[in-house]
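Reading the structure
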Amino acid sequence: MKALALVLRLGLGGLLIVAGALKLRAPVAFATELANYQLLPALAPYVAALLPVVELVVGGALVVAPRAWRRAAALGALALLAAFTVAVGSAFFRGINIDCGCFGTGGGPITGLTLARNVVLMAAAAAIVAFEDRARA
Amino acid sequence: MFATLVGRALCLLLAGSARGLAVNAARPGGVRFTKFAPPNTCGAGAAAAAAGAAPVEVLPPAVAASLCGDAQTLLADVRSADEFAEGHVTGAIHLPCASSGSAASAAVDRLAGRRTLVVYGDGTADAQIVAEELRRRAGRPDLHVLVIEGGFAAWSRAGLACSSGPCPECGMPHEHK
């Protein structure tokens, strides 16, 4: 289980770092992608400013943080991914044809595959929370 | 133990948020909260064009008129509400450039089962922007997107069919400027 947790932790951490870095390149375009979701569009610029760095911090913590913080980072990643899944699912089931914005601009349209990928990533984050060594603080 | 875990997770999220705000404020290309305009029907036409997508076709009014009454065709008027109320092409929906992203999505929903979208404005250029955005949102390679050359003025000069008053079947709010 330790090996599985390590693979999942590095994989998910790396993915969040890449996603955060790509979003950070064009924050205004990312804000537009967020507003296209039609979920609280007034908050889109704020989320666009915060989210890329939050992903970098959580992803970085998953990869390099001391053991005591890794499970916390996984829990943070799980919370982020749950929010992403709600947003993507909302757009998918409302039939809104928009780009995902998952990796910044030009990430391709939202499909059932996007939703399935998010659910798999959530499962990975939950597995890290469950299997990562429970080191003392 | 669980409280510690949650506390640390919140700590990471808050630390990231604070850094995100600081980075955004410091960088020249950051999001300016008070100046950010949500997307509308003119949102990303330029981006779509830059991405190498085929441009929308421009048709003379007389040719476009041959599509009127075709159940497979949706007409969209991108002019202001006042201009639309004064007269518009029969059957056209009102979808001005300043319409919200929701209105654009509603228009895309209306395209379901149709093969052709005809857009017109005051002239050719204003309609092309909206047409590009709708084509991008629709994401359908089979959708034929056309713009009426010269816009409604050219249509009127050609003596083609018009109607007046609010669109009877638009199903979306008209935005008054």
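Residues numbered from 1 in each chain as written. Chains lettered and ligands numbered in written order. Predicted model: local features only at pLDDT ≥ 70, side-chain atom pairs only at ≥ 80, totals over all residues. Heavy atoms only, no water.

1. So, the overall build of chain A
From N to C terminus, chain A includes five helices and zero strands. Along its sequence from the N terminus, chain A presents helices and strands in the succession α-α-α-α-α. Evaluated residue by residue, chain A yields a buried proportion of 50% over its 137 residues. Taking the contacts inside chain A whose residues are at least 6 apart along the sequence as the reference set, 72% of them involve residues at least 24 apart. (Helix = DSSP H or I, 4+ residues; strand = E, 2+ residues; numbered from the N terminus. Buried < 20%, exposed > 50% of the residue type's maximum accessible area, 1.4 Å probe, protein only. Contact = heavy atoms within 4.5 Å.)

2. Some words on the overall build of chain B
From N to C terminus, chain B includes seven helices and seven strands. In chain B, the succession of helices and strands from N to C terminus is α-α-β-α-β-α-β-β-α-β-α-β-α-β. For chain B, restricting intrachain contacts to residue pairs at least 6 apart in sequence, the fraction spanning at least 24 positions comes to 77%. Summed over all atoms, the accessible surface of chain B reaches about 8,400 Å², with 61% contributed by carbon and sulfur. (Areas by Shrake-Rupley, 256 points an atom, 1.4 Å probe, with all protein chains shown as cover.)

3. Comments concerning the interface of chain A and chain B
On the side of chain B, 30 residues touch chain A, which itself brings 36 residues to the contact. On the surface where chain A and chain B come into contact, there are zero salt bridges. Our count for the chain A to chain B interface comes out at two residue pairs in polar contact (both at pLDDT 80 or more). Contributing elements (two or more residues each) for the side of chain A that touches chain B: helix H1 (2–25), helix H2 (27–35), helix H3 (44–64) and helix H4 (67–94) of chain A. It is H3 of chain A that contributes the most residues to the side of chain A that touches chain B, eleven residues altogether. Of the residues assigned to the side of chain A that touches chain B, the class counts are 26 nonpolar, six polar and four charged. (Salt bridge = Lys/Arg side-chain N within 4 Å of Asp/Glu carboxyl O. Polar contact = N/O pair within 3.5 Å; in protein donor to acceptor, adjacent residues only side chain to side chain. Nonpolar A, V, L, I, M, F, W, Y, C, P; charged D, E, K, R; others polar.)

4. Some remarks on the pairing of strand E5 (residues 116–120) of chain B
Residues and elements named next belong to chain B. Taken across its five residues, E5 has five buried, putting it largely inside the fold. Side chains of E5 alternate between two faces, with Thr116, Val118 and Tyr120 and Leu117 and Val119 buried alike. Alignment of strand E2 (residues 73–77) against E5, held across five bridges, turns out to be parallel. Its bridge partner being in E5, Thr73 is matched across the sheet by Thr116. (Pairing = 2+ DSSP bridges.)

5. Focus: the sheet that holds strand E4 (residues 93–94) of chain B
Residues and elements named next belong to chain B. The sheet built from five strands is open, its strands ordered E1-E6-E5-E2-E4 with parallel pairing. A single partner strand is all that each edge strand has here, and the edge strands are strand E1 (57–59) and E4. As judged from the four bridges shared by E5 and strand E6 (residues 144–148), these two strands associate in the parallel manner. Note that in E6 the partner of Val119 across the bridge is Val147. Relative to E6, helix H6 (residues 125–138) is tilted by about 170°, and along the sheet it contacts E1, E5 and E6. (Axes fitted to C-alpha atoms, helices over the stretch in contact; angles between N-to-C directions.)

6. Overview of the state of the cysteines
Residues and elements named next belong to chain A. For the structure shown, the criterion picks out one disulfide over all chains. Two residues share a disulfide in this structure: Cys100 and Cys102, whose sulfurs sit 1.4 Å from each other. Cys102 matches Cys100 in its accessibility class, with the two residues each being buried. (Disulfide = S-S within 2.5 Å.)

7. Some words on the environment of Gly123 of chain B
Residue and element names in this part refer to chain B. Inspection of the secondary structure puts Gly123 in the loop between E5 and H6. Note: C-alpha distance between Gly123 and Val78 (45 residues apart in sequence) is 9.9 Å. The residues contacting Gly123, other than those within four sequence positions of it, are Ile148, Gly150 and Gly151.

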